[in-house]
Every structure is written in C-alpha cells, then in structure tokens.
Amino acid sequence: MSRMNLHRTYRDNDWYPGGIPGNVVIGEHVYIETSYAFAPCLAEDESAIVLGDASGAYDQATFVLGPRARVVVGPYSVLNCHLVCEQSIRIGGHCMLSWGVVVADTWLERDWPVERRREYLEAVIRHPHRALGPMSTPRQVVLEDNVWVGFDSVILPGVTIGRGSIIGSKTIVEEDVPAYSIVVGNPARLVRRLEPDDTESARADAFRKYLRPGGGFGNVRGH
Amino acid sequence: MSNAVETTTGETHDGVTIAPEGAARMFHPLVPGKALPGDWFHRIVPANIEIGHNVVIDSSACFKHFFSKRPVGLRVGSNVTLCRASLAAEENGLIEIGDYCYIANASLVCSERISIGSHVLIAGGVTIADSDFHPISPAGRIADTIAISPLGDRTHRPKIEVRPVVIEDNVWIGYNATILKGVRVGEGAVIEPGAVVLRDVPSLARVMGNPARITQ
C-alpha cells in the first residue's frame, strides 16, 4: 500500500471510518463534511490534494484520484462535486462547484475500438482497488478564480474555464470557456458576457461585509 | 377517491386511505406540527403549513431544508402524495400545491414562491427553483463564496434575483427535468425527462432538451 494510508486524520462525528489521508494539505478554516470524500483517492504524491483556506468539501464532494493525480483548490471555494483525476485539476479561489458536477481530466478516447474497451475492463479486475485508471492521456483541467459550475454539469478533459465565468446547470463543457462568460446547454453555447466587476477592491469590500466576526465552522485543522 | 372511507383493507383515519400500520406502510397522513409515526428522520412536521384533506407523506425528511418563517410556508390542497420530495422553502418562501398532485423525489427550492396547480405529476430527480441560488455578477459571487464559507455569515448574503415559478393544472414533469426561475408552465403541458426549462411553456405543449424546446 502507498504511504497515503499513514498519518490519516480521524475526526469525531464522521460517519465514515476511513479518515482524511495524510497527503491532503489543508488550509486554515477548511470544512470537510466527511472523509468519505477521499475513499476513492489513490493518489500517492505527498501533497496530492491542496485545499485552500476557508474552502469546503460538502456532502457530495468526492476525490476520485489515480496514483499520480494532483488537485489544487483555491481559497473560499465550495466543492460539492466529483473530481476525477489522473494527472491534474486546478481550481481557483471563490469557485462554486455544485451537486452532481463532474470534472474529469481523463475520459474515453474517441478512437478506442470495442476490443480495447473490453481489454481495459478486464484489466480493472486485476487492480486491488478496482481503480479504473487513465483511459486516455490525461489533459489538465483548469478552472480559474471565481468560476461557478451549476448542478449536474460535466467538465471534460483539457478544458480551461476563464475567470468569473458561469456554467449553467446540466451543461456539458468540451471546449475552453473564455473569462466572464455564461455558457449553458447541451451542446454548450456561450449566451452572455459578464462585466468583470470582481476587482481587488470589490473583494476587499466583500471580506469586510460578509465575514462572521469570531466565527467559523471549519472542522479540520490546517497542516 | 370517493371510496376512501369504504376501503376494507386500509385503515381509515379522518377519511385518509393508507395501508394498515406496520413495516410495509410507506405513507402517513401529513399533520402540521406533529411527528410522523415510526419516522426514520427525526423532525417534527413544521406547524406553519396548511394541509387539505387526505394528504400523505413518507417522512419528515421532506422538510429537512424547510426554513420558511412565513405564517404559512407550505399550502397543500387535498388528495396529494408527497414521496421523498425536498420542500426547501427558505425564510421567506411559500410553496403552494393544488389537489391530486403526486410529487416524487423532486426538489422544490423556493426563495419566495413556487405555485403548483392541481393534477400535477412531478417525477423523480426534478428540480424546480425560483432563484439561481447565487448572484450572477462576478463581484456578487466573490461576496457569496465568502458569506457561505466556513468563515462567513450565512444569514447575511448578497442579494439574488428571485422570480416565482408557476406550474399550472394538469402538467406532467418527467424525470430529472429542471425548471428555472420565472418560468410559467401552461395548463396541460408535458416536460420531457431531462429537459432544462428556461422560458415559459405554452398550454398543452411538450418540451424537451437543454435548453428545452417544443417538440411535435
């Protein structure tokens, strides 16, 4: 077994007994609803998952990570989604990924014949954790800061979503999305551009206005 | 269900037809302010709801996200079945449901008002929402992620746009369909499974797809 099983963190009141793997780097005031989020995480890198300050992994958050995967999540981001990663997924700060969302850096290559697909599944049963493994050369997925992905959407390998953009519910994103855009539908189409009003001063104002003095429901200690 | 009181196999209680008490009993009469017998979810049914005759529900879990503080936050007609539905009315939300509706495991996410007519069927996985949950402007979303973060104040969030949803009589809504804010679904329309409805649907129309368009 990999060293990720060493130094697991076990939290009281977690219904799942698995604990948080030691290679999850946790910022200050992070909330993790349950360590079940990491049950399918086979990542071996010593800082395979980085969760920024005051980010949250809520009930549906799931890290489906292969041995070489690395996931970075920025501060104040909200995860309620599946991250399926063999190589790299980078999520900026202030992003919101809703329930039922899947972000994947690997999926079936278009040119795989049926025979190859059969061999792939037959190989899966030889893996001790039945890990699916990469089906294609993984292609990094990047969500820049302040991206909002609506429920049940899918972000496919190689996609970069520009800062401040909104992906509507149930949208399937196969191509890059420019910054400050609204993309909806299946197939996805760009329906609107947004005013880039999320300036540093707007962010500073928001911190003054929306932080709870002396509060915090973060439940895991940064390490 | 005019034979409700005459049934011999089912228990009748105040004219409510349900299976006899026991493990196989799935539904219970919905009574404001009361706990449901044998409920796996431990919540009292909220008192600020108005319920007609012969309305049944499977569990108080349907009220897990019911936070309405209105005098009446949920108004249900008669002969309605609520089965695993999420009645997520926020503080100022009012959900209205007519007669003879069957609402399966759908989510009704209501900031202000969702009105459902009579003889409406809502299938599993459906989401109906009268807001987009978060602000659209990039600056508004920065503020919202701070407000809902572990360090934020969830009771005090940036303003979002709310537009009530109206589902008229005799509408059927298919599995996993989504109906978004401000939409009026006209009398007798059918929403096909998986449709994402952003615009009003005319009476008797059939719509499908994402975004939903009229078929036939």
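As a starting point, this report considers the structure included with it. Keep in mind that what you see is a predicted model, and the values were worked out from it rather than measured.

## Thoughts on the overall build of chain B
Then, number 1: When you go through chain B residue by residue, the secondary structure sums to one helix and 22 strands.
Then, number 2: The proportion of buried residues among the 216 residues of chain B is 55%.
Then, number 3: A total of about 9900 Å² of accessible surface is found on chain B, and carbon and sulfur atoms cover 54% of it.

## Looking at the interface of chain B and chain A
How big an interface is tends to be stated in terms of the accessible area lost upon association of its parts.
Then, number 1: Of the residues lining the interface, 33 residues belong to chain B; the matching set on chain A comes to 44 residues.
Then, number 2: Here chain B meets chain A over a buried area of about 3000 Å², counting both sides, of which 68% is carbon and sulfur.
Then, number 3: Taken together, chain B and chain A are joined by zero salt bridges.
Then, number 4: In this structure, the connection of chain B to chain A is made through 13 residue pairs in polar contact (both at pLDDT 80 or more).
Then, number 5: At eight residues, the largest contribution of residues to the side of chain B that touches chain A is made by helix α1 (residues 138–147) of chain B.

## What about the sheet that holds strand β7 (residues 81–82) of chain B?
Residues and elements named next belong to chain B.
Then, number 1: Pairing is mixed in the open sheet, where nine strands are placed in the order β3-β5-β7-β10-β13-β16-β19-β21-β22. Either end of the sheet is taken by a strand with one partner, and the two such strands are β3 (28–29) and β22 (213–214).
Then, number 2: Bridge analysis of strand β10 (residues 102–103) against strand β13 (residues 121–122) gives two bridges, and the strand direction is parallel. Across the sheet, residue I103 finds its bridge partner in β13, namely I122.

## Structural notes on unusual backbone geometry
Then, number 1: Of note, the amide linkage connecting N186 of chain A to P187 of chain A takes the cis form, showing an omega dihedral of 0 degrees.
Then, number 2: Considering the arrangement of structural elements, one finds P187 of chain A in the loop between β18 (181–184) and β19 (189–193).
Then, number 3: For the bond running from N210 of chain B to P211 of chain B, omega is 0 degrees, close enough to zero to count as cis.
Then, number 4: Following the sequence through the fold, P211 of chain B ends up in the loop between β21 (206–208) and β22.

## Considerations on the pattern of salt bridges
Then, number 1: Going through the model one piece at a time under the given rule, you end up with 14 salt bridges over all chains.
Then, number 2: D205 of chain A serves as the salt-bridge partner of R208 of chain A, at 2.4 Å between the closest nitrogen and oxygen. One end of the pair is R208 of chain A and the other is D205 of chain A, both in helix α2 (residues 200–210) and three residues apart, which spans about a single turn.
Then, number 3: Judged by relative accessible area, which is 42%, D205 of chain A ranks as partly exposed.
Then, number 4: Note that E96 of chain B and R75 of chain B form a salt bridge whose closest N and O atoms lie 3.2 Å from each other. Separated by 21 residues along the polypeptide, E96 of chain B in strand β9 (residues 94–97) and R75 of chain B in strand β6 (residues 74–76) bring together distant segments of the chain.
Then, number 5: By relative accessible area, which is 16% here, E96 of chain B ends up buried.

## With respect to the sheet that holds strand β1 (residues 24–26) of chain A
Residues and elements named next belong to chain A.
Then, number 1: Read across the sheet, six strands follow the order β1-β3-β6-β9-β12-β15 without closing on themselves; strand pairing throughout is parallel. The sheet terminates laterally at β1 and β15 (160–161), the two strands that pair on one side only.
Then, number 2: Sheet topology note: the strand β6 (residues 70–73)/strand β9 (residues 88–91) ladder contains four bridges and is parallel. In the sheet register, V72 faces β9, and the bridge partner there is R90.

## Focus: the state of the cysteines
Linking two cysteines covalently through their sulfur atoms gives a disulfide.
All names here are of chain B.
Then, number 1: Going through the model one piece at a time under the given rule, you end up with zero disulfides over all chains.
Then, number 2: No disulfide involves C83; its sulfur sits 7.5 Å from the nearest other cysteine sulfur, which is in C62.
Then, number 3: You can see C110 has no disulfide; the closest cysteine sulfur is in C101, sitting 15 Å from it.
Then, number 4: Residue C110 is classed as buried on the basis of its relative accessible area of 0%.

## A few points about the packing of aromatic side chains
Residues and elements named next belong to chain A.
Then, number 1: For the structure on display, the rule yields eleven aromatic pairs over all chains.
Then, number 2: Ring geometry for F38 against F63: centres 5.0 Å apart, planes inclined by 10 degrees, an arrangement best described as stacked. Linking F38 in the loop between β2 (31–32) and β3 (49–51) with F63 in strand β5 (residues 62–65), this pair joins segments that are 25 residues apart in sequence. Accessibility assignment for this pair places F38 and F63 in one class, buried.
Then, number 3: By way of ring pairs, the aromatic residues W15, Y16 and Y36 are connected into one cluster.

## Focus: the environment of V142 of chain A
All names here are of chain A.
Then, number 1: Within the secondary structure layout, V142 lies in strand β12 (residues 141–143).
Then, number 2: On the accessibility criterion, V142 (17% relative accessible area) is buried.
Then, number 3: Sequence-wise, V142 and L190 are 48 residues apart; in three dimensions their C-alpha atoms are separated by 18 Å.
Then, number 4: Ignoring any residue separated from it by four or fewer positions in sequence, one finds V142 in contact with R90, V159, T160 and I161.

## Re the environment of P17 of chain A
Then, number 1: Along the chain, P17 of chain A falls in the segment before β1.
Then, number 2: Note: C-alpha distance between P17 of chain A and A39 of chain A (22 residues apart in sequence) is 9.8 Å.

## Some points on the environment of D59 of chain A
Residue and element names in this part refer to chain A.
Then, number 1: Residue placement: D59 occurs in the loop between β4 (56–57) and β5.
Then, number 2: Measuring from C-alpha to C-alpha, the distance between D59 and A37 comes to 7.9 Å, with 22 residues separating the pair along the chain.
Then, number 3: Apart from residues lying up to four places away in sequence, D59 is in contact with E33 and N80.

## Considerations on the side chain of T178 of chain B
Then, number 1: Mapped onto the elements, T178 of chain B comes out in strand β17 (residues 178–179).
Then, number 2: Here T178 of chain B falls in the buried class, since its relative accessible area comes to 0%.
Then, number 3: Engagement of the side chain of T178 of chain B in a polar contact is seen with the side chain of K170 of chain A, the distance being 3.0 Å.
Then, number 4: Setting aside anything within four residues of it in sequence, one finds T178 of chain B in contact with F151 and K170 of chain A together with T127, A195, V196 and V197 of chain B.

Reading the values: rules and limits
Each chain carries its own residue numbering, running from 1 in the direction its sequence is written. Starting at A for chains and at 1 for ligands, labels are handed out in the order in which the entities are written. Per-residue local features of the predicted model are confined to residues with pLDDT of at least 70, and side-chain atom pairs are confined, for both listing and counting, to 80 or more; whole-chain, interface and lining totals are unaffected and use all residues. The side-chain figures draw on all heavy atoms in the structure; neither hydrogens nor water molecules are used. Here a strand is any run of E in DSSP of at least two residues, a helix any run of H or I of at least four, and the numbering for each starts at the N terminus. Three exposure classes are used, based on accessible area relative to the maximum for each residue type with a 1.4 Å probe and protein chains only: buried under 20%, partly exposed in between, and exposed over 50%. The Shrake-Rupley method, run with a 1.4 Å probe, gives the accessible areas here. Residue values count only the displayed protein chains as cover. By the convention used here, residues are in contact when the closest approach between their heavy atoms is within 4.5 Å. Two parts lose some accessible area (1.4 Å probe) when they are put together, and adding that loss for both gives the buried area. A pair is scored as a salt bridge if a Lys or Arg side-chain nitrogen falls within 4 Å of a carboxyl oxygen belonging to Asp or Glu. Whenever two N or O atoms come within 3.5 Å, that pair is a polar contact, provided that in protein one can donate a hydrogen and the other can accept it, and provided that, for residues adjacent in sequence, both atoms are side-chain atoms. Pairing between two strands requires that DSSP report at least two bridges joining them. For the purposes of this analysis, a disulfide is any pair of cysteine sulfur atoms at a distance within 2.5 Å. Any two of the Phe, Tyr and Trp rings considered here, Trp counted by its six-membered ring, make a pair once their centres fall within 6.5 Å; the pair's planes then place it as stacked at under 30 degrees, edge-to-face at over 60, or tilted in between.

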